[in-house]
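Structural overview for review
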Amino acid sequence: MSQNNYQNPNAQAMAPSAEPDRQLYFIKVLRERMAKYMTDTGRTLTYNVVTFGCQMNARDSEKLSGILESVGYTRTDSEDADFVIYNTCTVRENANLKVYGRLGTLKKVKENRPGMLIALCGCMMQEPHVVQKLRDSYRHVDIIFGTHNIYKLAELIYDRLESGSMIIDLWKDTDKIVEDLPNRRKYPFKSGINIMFGCNNFCSYCIVPYVRGRERSRRPEDILEEIRRDVADGVVEVMLLGQNVNSYGKTLENPVTFASLLEEIEKIEGLERIRFMTSHPKDLSDDLIQVMARSKKICPHLHLPLQSGSSRILKRMNRKYTKEDYLHLVEKIRSACPDISLTTDIIVGFPGETEEDFQETLDVVRKVGYDSAYTFIYSKRNGTPAAAMEDQVPEHVIKDRFDRLLKEVQDIASHVCARHEGQVMDVLVEQINHQDAGLVTGRLGNNTVVHFPGDASLIGRIVPVHLIECKGFYYMGELYEKR
Ligand code: SAH
Ligand code: SF4
Ligand code: F3S
């Protein structure tokens, strides 16, 4: 090392090129720098990560938090912080609009907080027109990156501090999966585990494949290792995450099926509950159904997005199944796992949807009897095939269908959810109830929420609860103590 380098260490030049070593190096450089700053000023530097969107984003936010804490920031719940990052979503227009609104407010915060850094990442940043708008009109943003380079946060902060100007680092796609970086789990007792990234399905309404890139699976040994580590650290429930978990493993060097991955995970001692999402109906195999039926740990819950009950619309959506295929699949699942809870996603007002098509959706909703359904108004996403379709449905028609669907879904769900009334079932206690501090809140294996009298000592434990009364989509209960 030359004298010059020693006096003015240039971390970019000295950093190792291989990951994760490179990022661990930048974390160390920043940590030293921030520690010195905090000692000199007597201040504690804080961070706040705001997550929009789905569980993938929530999981990414844990990674961001892990990096920020390793660097020396302390977490705060307020956006009046030294480092604020929005992890954005763009699946529907309203998710997108929220971000601009909040960025405006953040500008004022920054004016009163010298040295504050604002970063934006996630799905919305993968859209070039968004980044252009930010460049032009949101100059108070310091760092912009996307969905493929989350792991680079420490390096990007370093670059921002060195250059003093806006840093934009966006990749169109990647085949890289970087393992073994810091992580900060939101809950000590449950964790989300990425098993794959990206999506290859190109449903015609959906922007996810464009902003999350091509499908890539993590190696089973990396997944198992992460779960074992989490379990040793107190985790009892894992949620395996992917846009289409049923196609897990197809692109690996040594292909593995999702069903066989689940069987391996089942063997991990100390792990009590396994969940996964999302399952695409077109790829749900008989093997998977058998594994679910045999398993003692896989929760009796399947989220099986329908999107539409009309075969004609499903074809235009590029979903690759018909109404009949879907109903047949539900029958197979129900006969193998009789007590399973089914939930779904439905889009109302896809281009060309007629009243008859909508009636087909209602018909499936009635036939299946979902425990709950997320209903969405179709949102036109730039660059997707559906956005260019001519016969967009008028807003008032969509609104009317949406209201009718919601009512149907809720009426059915309240009956379906109540089927366990009077029974004693296991609940994983997650938190003190937000409204009533004398209650705790947890979930049944089938994902239904249960509230019952209890205290913080129960959090993270799986306990038997007498389900006294179903109130629509949740239960009021009582801890069951054997006499
Ligand atoms: N990979 C998952 C879904 C991810 S997006 C799957 O295939 O099931 C979550 C949900 O958002 C989708 O199931 C769909 O119902 C909804 N969604 C996606 N794009 C949408 C759009 N353009 N307008 C309205 N809802 C949409
Ligand atoms: Fe979007 Fe379809 Fe992929 Fe789900 S499977 S993320 S709806 S393209
Ligand atoms: Fe949104 Fe991206 Fe998830 S667009 S729904 S955060 S994959």
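Residues numbered from 1 in each chain as written. Chains lettered and ligands numbered in written order. Predicted model: local features only at pLDDT ≥ 70, side-chain atom pairs only at ≥ 80, totals over all residues. Heavy atoms only, no water.

1. Quick word on the site of ligand 3
For clarity, the threshold we go by: If a single non-hydrogen atom of a residue is within 4 Å of a molecule or strand, that residue counts as near it. Residues were grouped as follows: Ala, Val, Leu, Ile, Met, Phe, Trp, Tyr, Cys and Pro as nonpolar; Asp, Glu, Lys and Arg as charged; and all remaining residues, including Gly, as polar.
The immediate surroundings of ligand 3 are formed by Cys54, Asn57, Cys89, Thr90, Val91, Cys123, Arg212 and Gln243. A per-class count over the shell around ligand 3 returns four nonpolar, three polar and one charged.

2. Details of the packing of helix 4 (residues 55-71) against helix 7 (residues 153-163)
The cut-off we apply is this: For helices, the fitted axis covers only the stretch in contact; all axes are lines through C-alpha atoms, and the angles between them, taken along N-to-C directions, range from 0 to 180 degrees. Where helices and strands are cited, they refer to DSSP runs of H or I of at least four residues and of E of at least two residues respectively, numbered from the N terminus. Small angles under 35 degrees read as roughly parallel and large ones over 145 as roughly antiparallel, with 65 to 115 read as roughly perpendicular and the rest as oblique. We call two residues contacting when some pair of their heavy atoms lies within 4.5 Å.
The interhelical angle for the contact between helix 4 and helix 7, taken along N-to-C directions, is 55°, at an axis separation of 9 Å. What the angle tells us is that helix 4 and helix 7 run oblique. Residues Leu64, Ile67, Leu68 and Val71 of helix 4 touch helix 7, and the partners they reach there are Leu153, Ala154 and Ile157. Considered class by class, the residues forming the contact of helix 4 with helix 7 number seven nonpolar, no polar and no charged.

3. Structural notes on the UniProt feature "binding site: [4Fe-4S] cluster 1" (unreviewed entry) in the protein chain
For the record, the criterion: UniProt positions are given in the numbering used here, feature names are shortened, and annotations may be inferred rather than shown by experiment. Buried residues are those whose accessible area, probed at 1.4 Å on protein chains only, stays under 20% of the maximum for their type, while exposed residues exceed 50% and partly exposed ones sit between those limits.
UniProt records the feature "binding site: [4Fe-4S] cluster 1" (unreviewed entry) at Cys54, Cys89 and Cys123, using the numbering of this structure. These annotated residues cover 70 residues of sequence, but their C-alpha atoms sit close together, with the largest distance between any two at 10.5 Å. Along the chain, the position of Cys54 falls in the loop between strand 1 (46-51) and helix 4. The partly exposed category is assigned to Cys54, whose relative accessible area is 38%. Position of Cys123 among the secondary structure elements: in the loop between strand 4 (117-122) and helix 6 (128-137). Contact partners of Cys123, with chain neighbours within four places excluded, come to Asn57, Thr88, Cys89, Thr90, Thr147, Val211 and Arg212.

4. Looking at the site of ligand 1
The condition that has to hold: As used in this structure description, the phrase polar contact means that two N or O atoms lie within 3.5 Å; if the pair is within protein, one of them must be able to donate a hydrogen and the other to accept it, and residues adjacent in sequence are counted only when both atoms belong to side chains. Per-residue accessibility takes into account occlusion by the displayed protein chains alone, with areas from the Shrake-Rupley method and a 1.4 Å probe.
Surrounding ligand 1, one finds 15 residues, the nearest of these being Arg92, Gln243, Gln307, Asp345 and Ser379. Within the side chain of Arg92, one N or O atom sits 2.9 Å away from an oxygen atom of ligand 1. Between ligand 1 and Asp345, the relevant distance is 2.6 Å, taken from an oxygen atom to a side-chain nitrogen or oxygen of the residue. A total of 540 Å² of accessible area belongs to ligand 1 in isolation, and the protein chains cover 90% of it. At the level of secondary structure, the elements contributing two or more residues to the shell around ligand 1 comprise strand 13 (341-348) and strand 14 (372-377). Residues belonging to the shell around ligand 1 are distributed by class as follows: seven nonpolar, four polar and four charged.

5. A closer look at the UniProt feature "domain: MTTase N-terminal" (unreviewed entry) in the protein chain
The UniProt record annotates "domain: MTTase N-terminal" (unreviewed entry) at residues 45-162. Between the C-alpha atoms that bound residues 45-162 there is a distance of 18 Å. The span itself is 47% helix and 19% strand.

6. Notes on the sheet that holds strand 19 (residues 474-479)
As a reminder of what qualifies: When DSSP locates at least two bridges between a pair of strands, those strands are taken to pair.
Read once around its circumference, the closed barrel built from five strands follows the order 15-16-17-19-18, with strand pairing classed as mixed. Going across the sheet, the axis of each strand differs from the next one's by a mean of 50°, ignoring polarity. As paired strands, strand 17 (residues 449-453) and strand 19 are joined by three bridges and run parallel to one another. Bridge assignment links His451 to a residue of strand 19, and that residue is Met476.

7. What about the sheet that holds strand 4?
Read from one edge of the open sheet, six strands run 2-1-3-4-5-6, paired in parallel fashion. Only two strands of the sheet have a single neighbouring strand rather than two, namely strand 2 (74-75) and strand 6 (167-169). Bridge count between strand 1 and strand 3 (residues 83-88): five bridges; the pairing is parallel. By the bridge assignment, Thr51 is partnered in strand 3 with Asn87. Along the sheet, helix 4 makes contact with strand 1, strand 2, strand 3, strand 4 and strand 5 (143-145), crossing strand 1 at roughly 170°.

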